Amino acid sequence: MTEEQCDYVFKFIIIGNGNCGKTSLLYHYIHGTQICNVRQTLGVQFSAKIVCVNKKKIKMQLWDTAGQERYRSLTKGYYRGALGALIVFDITNSDSFDALQDWIKHARDFSKPSIQIIIIGNKADLDKERSISEQTAKQFCQENDVQYIETSANTGYQVNEAFTQITTKVLDLLQEGAIDENMIKPKFLTSKKSDETQPTQQCNC
Ligand SMILES: Nc1nc2c(ncn2[C@@H]2O[C@H](COP(=O)(O)OP(=O)(O)OP(=O)(O)O)[C@@H](O)[C@H]2O)c(=O)[nH]1
Ligand SMILES: [Mg+2]
């Protein structure tokens, strides 16, 4: 399936402190398996995946950003046009949770205030080392009007669900007319990127 055959192109950014598992989550989502020898992201890395959600074929443009502070001014240039932000923190690292408020602000300031946000509490497999309870994280998300999900990029726990949840939310907004459909129609065939994957089967949904 090509971009032209898709109903929509959705741009999502993946942000959050360094070492929380952004790249690992994205790799699992695209390849369906755990990444080996993941390296710190330097700047921004683009991936794409074509999916079928609620009978719509969607090309997901996924921008994985470096969490390190020194890349902040570079990465914010990539927020423009994003319909959604996946903000990742590490449930065993309270600093990464404390930084969420800033990340939400970045997402709303550097894209637009209506950007859809899902907070991802990653490393759920390390539950025994948890420093942020699910209850605390859920309450924070309720107060900030954002979605919440816990994942593990190691086991694959709820990785697909995280991406599907935010995609579904954007589709709901489209149906309500809150997003201009013309802005997200596939306009042209882009050259196939190195990390681009396509479904091996026909869309059956
Ligand atoms: N136990 C566990 N480790 C994880 C998980 N996700 C990522 N890691 C590990 O956490 C470390 C950082 O993972 P990355 O995916 O590079 O994190 P990142 O957020 O992309 O980091 P930056 O690129 O520096 O922003 C690596 O050693 C991963 O193997 C997870 O779900 N569980
Ligand atoms: Mg990374």
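The rules behind these values
- Residues numbered from 1 in each chain as written.
- Chains lettered and ligands numbered in written order.
- Predicted model: local features only at pLDDT ≥ 70, side-chain atom pairs only at ≥ 80, totals over all residues.
- Helix = DSSP H or I, 4+ residues; strand = E, 2+ residues; numbered from the N terminus.
- Buried ≥ 20, exposed ≤ 12 C-beta atoms within 10 Å, placed from the backbone.
- Near = placed C-beta within 6 Å.
- Nonpolar A, V, L, I, M, F, W, Y, C, P; charged D, E, K, R; others polar.
- Core = buried A, V, L, I, M, F, W, Y, C linked by C-beta atoms within 7 Å.
- Contact = placed C-beta atoms within 7 Å.
- Axes fitted to C-alpha atoms, helices over the stretch in contact; angles between N-to-C directions.
- Parallel < 35°, antiparallel > 145°, perpendicular 65-115°, else oblique.
- Pairing = 2+ DSSP bridges.
- Expected span 1.5 Å × (residues − 1).
- Arc of directions from axis to C-beta.

Novice: Outline the overall build of the chain, listing residues and values.
Specialist: Along the chain, the regular secondary structure elements total six helices and seven strands. Tracing the chain from N to C terminus, the helices and strands come up as β-α-β-β-α-β-α-α-β-α-β-α-β. In terms of its C-alpha atoms, the chain occupies a principal-axis envelope of roughly 45 × 35 × 35 Å. Here the chain holds 205 residues, and the buried ones make up 39% of them.

Novice: For the site of ligand 1, give the residues involved together with the corresponding values.
Specialist: Near ligand 1, the surroundings consist of 20 residues, among which Gly21, Thr23, Ser24, Thr41 and Gly67 are the closest. In terms of residues, the shell around ligand 1 owes the most to one element, helix α1 (residues 22–31), which gives three residues. Classifying every residue of the shell around ligand 1 by side-chain character gives five nonpolar, twelve polar and three charged.

Novice: So what's going on with the nonpolar core? Which residues, and what values?
Specialist: Ranked by internal contacts, the top residues of the largest apolar core, which has 48 residues, are Phe12, Leu86 and Ile87. Of the residues forming this core, the biggest block, seven residues, is contributed by strand β1 (residues 8–15). When residues no more than four places from it in sequence are discounted, the contact partners of leucine 86 are Phe12, Ile14, Ile118, Ile120, Ala162 and Ile166.

Novice: How would you sum up the packing of α1 against helix α6 (residues 159–176)? Please name residues and give values.
Specialist: The interhelical angle for the contact between α1 and α6, taken along N-to-C directions, is 90°, at an axis separation of 9 Å. With respect to α6, the axis of α1 lies roughly perpendicular. Two secondary-structure elements touch here, α1 through Leu25, His28 and Tyr29 and α6 through Val159, Asn160 and Phe163. Considered class by class, the residues forming the contact of α1 with α6 number four nonpolar, two polar and no charged.

Novice: A description of the environment of isoleucine 118 should follow, citing residues and the corresponding values.
Specialist: Locating isoleucine 118 in the fold gives a position in strand β5 (residues 116–122). It is 8.2 Å that separates the C-alpha atoms of isoleucine 118 and glutamine 165, two residues lying 47 residues apart in sequence. With residues up to four places along the chain from it excluded, the contact list for isoleucine 118 reads Leu86, Val146, Gln147, Ile149, Ala162, Gln165 and Ile166.

Novice: Could you give an account of the pairing of strand β4 (residues 84–90), naming the residues involved and the relevant values?
Specialist: Along β4, seven of the seven residues are buried, which leaves the element largely enclosed by surrounding structure. Of the two faces of β4, both are covered, the one formed by Gly84, Leu86, Val88 and Asp90 as well as the one formed by Ala85, Ile87 and Phe89. Both β1 and β4 contribute to a ladder of four bridges, which runs parallel. Paired with phenylalanine 12 across the two strands is glycine 84, which belongs to β4.

Novice: Summarise α6; cite the residues concerned and give the values.
Specialist: Given a rise of 1.5 Å per residue, 18 residues ought to cover 26 Å, and the 27 Å separating the end C-alpha atoms of α6 matches this to within 8%. Those residues of α6 lying buried are Val159, Ala162, Phe163, Ile166, Thr167 and Val170. Taken end-on, α6 shows its buried residues confined to a sector of 120°, consistent with a single buried face. Seen from the open side of α6, the exposed residues pointing more than 90 degrees away from its buried face are Glu161, Gln175 and Glu176. Positive phi appears at glycine 177, one or two residues downstream of α6, with a value of about 85°.

Novice: Which residues make up the environment of valine 38, and what values do they have?
Specialist: With respect to the helices and strands, valine 38 occurs in the loop between α1 and β2 (44–53). In the structure, valine 38 is positioned 132 residues away from valine 170 in sequence and 30 Å away in space, judged by C-alpha atoms. Apart from the residues lying within four places of it in its own chain, the contact partners of valine 38 are Thr23 and Ser24.

Novice: I'd like a description of helix α4 (residues 100–110), backed by residues and values.
Specialist: Taken residue by residue, α4 has Leu100, Trp103, Ile104, His106 and Ala107 as its buried positions. When α4 is viewed along its axis, its buried side chains cluster within an angular range of 155° and face the same direction. Facing away from the buried side of α4 by more than 90 degrees, the exposed set consists of Gln101, Asp102, Lys105 and Asp109. For α4, the secondary structure elements touched by its buried residues are β1, β4, α3 (94–98), β5 and α5 (134–143).

Honestly, that's just the spatial picture; any functional story needs more than this.
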